[in-house]
Amino acid sequence: MTYPESRRDDVVETLHGHQIADPYRWLEDPDSPDTVDWVRRQNEFTEAELSGYAEREWFQRTMSAILARPRAGVPARKSGWYFVGRNDGTQAQDVVYVAESLDELLSAGRVLIDPNTLSADGTDSLGSFTVSPDGKYFAYGINESGSDWTTFRLLDIATATPVDDAVTEAKFCEATWLPDSSAYLYLHYPASGRSEGTETKTLSGGRLMLHKVGTPQSEDELVLSFPDNDRYFITPEVSEDDRYLVVHITEGTDPATRLWVFPITSDGLGEPVKVVDWFADEIAFVRMSGDQLVLRTDRDAPRGRVVLASLDGQFTDLIPEGSDTLQAVRGTAAGLATLTLVDAQPLLTLYALDGSDARVVDAPGGGVVGLNASPEHDELFVGLSTATDPTLSYVVSASSGAVRALPELVRGAGGFTSPAITVERRLEPGREVPYFVITRSDLDFSSPRPTMLYGYGGFRIPILAEYRPGWPAWLAAGGVLVIANLRGGGEYGSDWHEAGRLKNKQNVFDDFIAVAEHLRDTGVTTPSQLAIHGRSNGGLLVGAAMTQRPDLFAVALPGVGVMDMLRFHLFTVGAAWASDFGHPDDAAQFEDLLAYSPLHRLRDGTAYPATLVVTGDHDDRVVPLHSHKFIAALQHAQSSSVPVLTRIEVNTGHGFGKPAAMVASEWADLLAFAAHHVGLVPPEQ
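Residues numbered from 1 in each chain as written. Predicted model: local features only at pLDDT ≥ 70, side-chain atom pairs only at ≥ 80, totals over all residues. Heavy atoms only, no water.

> How do you make sense of the overall build of the chain when you look at a structure like this?
Helix and strand counts for the chain come out as 12 helices and 40 strands. Against the globule reference of 26 Å for 685 residues, the chain gives a C-alpha radius of gyration of 25 Å, in line with a compact fold. Along the first, second and third principal axes, the C-alpha set of the chain runs to 70 × 55 × 50 Å. Taken over 685 residues, the chain has a buried fraction of 59%. Within the chain, residue pairs in contact and separated by at least 24 positions form 58% of the contacts whose partners lie at least 6 positions apart. When the accessible surface of the chain is split by element, carbon and sulfur atoms take 48% of a total near 24,800 Å². (Helix = DSSP H or I, 4+ residues; strand = E, 2+ residues; numbered from the N terminus. Rg over C-alpha atoms; globule rule 2.2 N^0.38 Å. Buried < 20%, exposed > 50% of the residue type's maximum accessible area, 1.4 Å probe, protein only. Contact = heavy atoms within 4.5 Å. Areas by Shrake-Rupley, 256 points an atom, 1.4 Å probe, with all protein chains shown as cover.)

Okay, here's the thing in structure tokens:
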């Protein structure tokens, strides 16, 4: 196969004693004419290849039907109002509805903001929203073209009219209101004049700023910054009793937390009380209990526990560590609600504020879409999904435990009907890696079948048997879906995470490979029928697995992956990931990174799986240069006749906020490519 030309430059540098060639460094500039032309030629080549796949039309039709299903998000009650996002199945972005009661929201509510009007092509999205304590203002963040950059604007909720007030150059935050509704806090990142999403410059440190409504942003007050360390992240929230601004400080993506509280007075913010002022344990503020803080932490508890903390940092058990993984805790009017993972399956439990009177909530699901609660309210809302169906929300009474499903949140009907499925839990015995096997209930799986293996394995993020738009299409086509729970994730607590980070990162790839081998050895599938997929850190996973064991997979689908492990820290927020990956400037960690870096593991003349790399040209989290350099090198190295292609979406970012039609189109191409090369023939074809 003759691929589009990718110029190879003579770029070599010495790093920790190694001569490292980087012939495609020119692709690191996303806006250069050469890169723009390369993107165009690669996309045209990919389109020409995919247009000849008979499977594509079926998956395009099916994915369009899946995204045409009416759907709704998880309700939230804030400052006297009820909110929910809805989509009638024809809209690029979900529309936010508001009402004064839950019954009114269920019956319809009124449109507060329609993000589909923010841009002509539907690529601008609503990233977050908060409500001022007095119920007057709706503060919403806009992300343009899928970028992490956020602009905050205000609406008057009662009239849905815009307020002449805006804050720009924000990232990784929401508007956090002070109790008197006069001002909110946000995290500001000077953007050096550019914030449209294609900037690759290393991100400077975020500054916690206080913005007073109605004043120019230039007059905003600096509350907290760490100019000597640009890897610190600051996350504020106000305690429900309005006494404290609670600030979480983390370094990069490391869960270890410093916890400061600023007294809120009539004169503003007082000097911080440093409850915990060192990085050692994950700590998350939940609510107040009298003069003490209720916290979730993994201190001396790898599976997590709930504690009472005095302002001098003394912890007392409230809900001790159990055998399951404590994922989240929310305050309610009756006490606390916990979300735990029982072998990677969610369980919601209610408690009194003193940790007594545990009651399990009967709300089944494979994944948790949202958990919205407040110490001010008895009702809490939980949204759950399955592998084939998106959010079903429930309202739960924290005092009685009564549960009510809310299917009427979804307005309208039609679109796709998901197949009945069977979800089986299995264990790879050698490395003891758990995984889900999901199949269509009406098919015979007594012989090997085309299979999609999905994983992530990083940043203490749990991967569950939850909804992703492509899963129902793959299952409907007759494929097997396997979701692996790899070390590095959050399914089994901090020890499980530690076993897959830094020096232990290779464990993640070994786990994934072990599951693939177990699928082969137990007759679920064969290497010629096995496709692997993952996104972001999961894209790294796929890149590492396919370069270490190219014989084990027929298809590789790495999405927005981190592929150049020697230079990831030089672009946008990449340096923050050193907590999981290690830092290339450290000589010892460099050796670990070089050993598995997908870009640098490629070997000329090797038969690699059929590969479709996907990325977005406005991805300012994992910048597209990773995918660009990897596919250029892979096309140069490939000895097999199967294609290695890239699909570069224009005006989209890392994935969130992507218009529905783009989601459908990308999944259709991924699944058609996989089906074509693993021998999955969809019905009616």
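From this point, the discussion proceeds with the structure in view.
> Where do I start with the packing of aromatic side chains in this structure?
Given two aromatic rings, one states the distance between the centres and the angle between the planes to describe the pair. Evaluated as defined, the whole model comprises 25 aromatic pairs. Both rings, one in Phe83 and one in Phe129, keep their centres 5.3 Å apart while their planes meet at 55°; by these two values the pair is tilted. With Phe83 in strand E5 (residues 81–87) and Phe129 in strand E8 (residues 125–131), the pair connects residues that are 46 residues apart, well separated along the chain. Note on Phe226 and Tyr232: the rings are 4.9 Å apart at their centroids and 70° apart in plane angle, and the pair reads as edge-to-face. Among the residues examined, Tyr232 registers a relative accessible area of 13% and is labelled buried. Clustering of aromatic rings is evident, with ring pairs tying together Tyr137, Phe152, Trp177, Tyr184 and Tyr186. (Phe/Tyr/Trp six-rings, centres within 6.5 Å; stacked < 30°, edge-to-face > 60°.)

> What exactly am I supposed to notice about the pattern of salt bridges here?
Two side chains of opposite charge can pair, provided their charged atoms sit close to one another. Inspection of every chain in the model, using the stated rule, returns 45 salt bridges. Put simply, Glu13 and Arg25 hold a salt bridge, and the shortest N to O gap is 2.5 Å. Residue Glu13 is found in strand E1 (residues 12–15), and its partner Arg25 is found in the loop between strand E2 (18–21) and helix H1 (33–50); the two are separated by 12 residues along the sequence. Overall, the relative accessible area of 24% leaves Glu13 in the partly exposed class. Relative accessible area serves as the criterion here: at 21%, Arg25 is assigned to the partly exposed category. Beyond isolated ion pairs, a larger network of salt bridges with shared partners links Glu13, Asp22, Arg25, Glu28, Asp564, Arg567 and Lys629. (Salt bridge = Lys/Arg side-chain N within 4 Å of Asp/Glu carboxyl O.)

> What's the story with unusual backbone geometry in this structure? I'm lost.
Negative phi characterises most residues that are not glycine, and trans characterises most peptide bonds. We note that Asp242 has phi near 65°; this positive angle belongs to a residue other than glycine. For Asp242, the location among the structural elements is in the loop between strand E16 (232–238) and strand E17 (244–251).

> What's the story with the side chain of Thr35 in this structure? I'm lost.
Secondary-structure assignment places Thr35 in helix H1. In this structure Thr35 comes out as buried when scored by relative accessible area, which is 1%. At a separation of 2.7 Å, a polar atom in the side chain of Thr35 contacts the main-chain carbonyl oxygen of Asp29. (Polar contact = N/O pair within 3.5 Å; in protein donor to acceptor, adjacent residues only side chain to side chain.)

> What is the right way to look at the sheet that holds strand E32 (residues 403–405) in this model?
The strands making up a sheet associate through backbone hydrogen bonding, with each pair oriented either parallel or antiparallel. Pairing is antiparallel in the open sheet, where 4 strands are placed in the order E29-E30-E31-E32. Of all strands in the sheet, those bounded by a partner on one side alone are strand E29 (367–372) and E32. Adjacent strand axes in the sheet meet at a mean angle of 25° when their direction is disregarded. Looking at chain direction, strand E30 (residues 379–385) and strand E31 (residues 392–397) are connected through 6 bridges and run antiparallel. Note on E31: the bridge partner recorded for Leu384 is Leu392. (Pairing = 2+ DSSP bridges. Axes fitted to C-alpha atoms, helices over the stretch in contact; angles between N-to-C directions.)

> What exactly am I supposed to notice about the pairing of E16 here?
On a regular strand, each side chain points to the face opposite its neighbour's, so the side chains alternate between the two faces of the sheet. Most of E16 is tucked away, with 5 of its 7 residues classed as buried. Counting the residues that bridge the hairpin from E16 to E17 gives 5 residues, and of these Asp242 lies at a positive phi of roughly 65°.

> How should the environment of Ser418 be read in this particular structure?
Examined against the element boundaries, Ser418 turns out to sit in the loop between E32 and strand E33 (421–428). In sequence terms Ser418 and Trp471 are 53 residues apart; their C-alpha atoms lie 9.7 Å from each other. With residues up to four places along the chain from it excluded, the contact list for Ser418 reads Arg69, Thr388, Asp389 and Pro472. One polar contact links Ser418 to Arg69, side chain to side chain, over a distance of 2.9 Å. At a separation of 2.8 Å, a polar atom in the side chain of Ser418 contacts the main-chain carbonyl oxygen of Thr388.

> For this particular structure, what's the right way to read the pairing of strand E22 (residues 292–297)?
In terms of residue burial, E22 counts as a mostly covered element, since 5 of its 6 residues are buried. One ladder, built from 6 bridges, connects strand E21 (residues 283–289) with E22; its direction is antiparallel. When the bridges of E22 are listed, Ile283 appears paired with Thr297. Sheet topology note: the E22/strand E23 (residues 305–309) ladder contains 5 bridges and is antiparallel. In the strand pairing of E23, Arg296 is matched with Val306.

> Explain the packing of H1 against helix H11 (residues 625–637) to me, please; I cannot follow it from the model alone.
Any two packed helices are characterised by how steeply their axes cross, that is the angle between the axes, and by the distance between the axes. The interhelical angle for the contact between H1 and H11, taken along N-to-C directions, is 60°, at an axis separation of 12 Å. On the basis of their axis angle, the class for H1 and H11 is oblique. Between H1 and H11 lies a crossing of left-handed hand. Residues Thr35, Trp38, Val39 and Gln42 of H1 form the contact with H11, whose own contacting residues are His628, Ile631, Ala632 and Gln635. (Parallel < 35°, antiparallel > 145°, perpendicular 65-115°, else oblique. Left-handed = near helix turned anticlockwise from the far one by under 90°.)

> Explain H11 to me, please; I cannot follow it from the model alone.
Residues spaced three or four apart along an α-helix face the same direction, because each turn holds 3.6 residues. In a regular helix each residue adds 1.5 Å, so 13 residues correspond to 18 Å; H11 covers 18 Å between its end C-alpha atoms and thus fits that length. Counting buried residues in H11 gives 12 out of 13 residues, a clear majority hidden from the surface. Along H11, the residues classified as buried are Leu625, His626, Ser627, His628, Lys629, Phe630, Ile631, Ala632, Ala633, Leu634, Gln635 and Ala637. Contacts from the buried residues of H11 go to H1, helix H7 (537–548), helix H10 (598–601), strand E39 (610–616) and strand E40 (644–649). (Expected span 1.5 Å × (residues − 1).)

> What should I look at first to understand the sheet that holds strand E35 (residues 451–454) in this one?
Spatially, E33-E34-E36-E35-E37-E38-E39-E40 is the arrangement adopted by the 8 strands of the open sheet, whose pairing is mixed. Every interior strand has two partners, whereas the edge strands, E33 and E40, have only one. Going from strand to strand, the sheet's axes swing by 20° on average, the running direction of each strand aside. Alignment of E33 against strand E34 (residues 433–440), held across 8 bridges, turns out to be antiparallel. Bridging across to E34, Glu428 finds its partner in Val433. Relative to the sheet, H1 contacts E39 and E40, its axis offset from that of E40 by approximately 115°.

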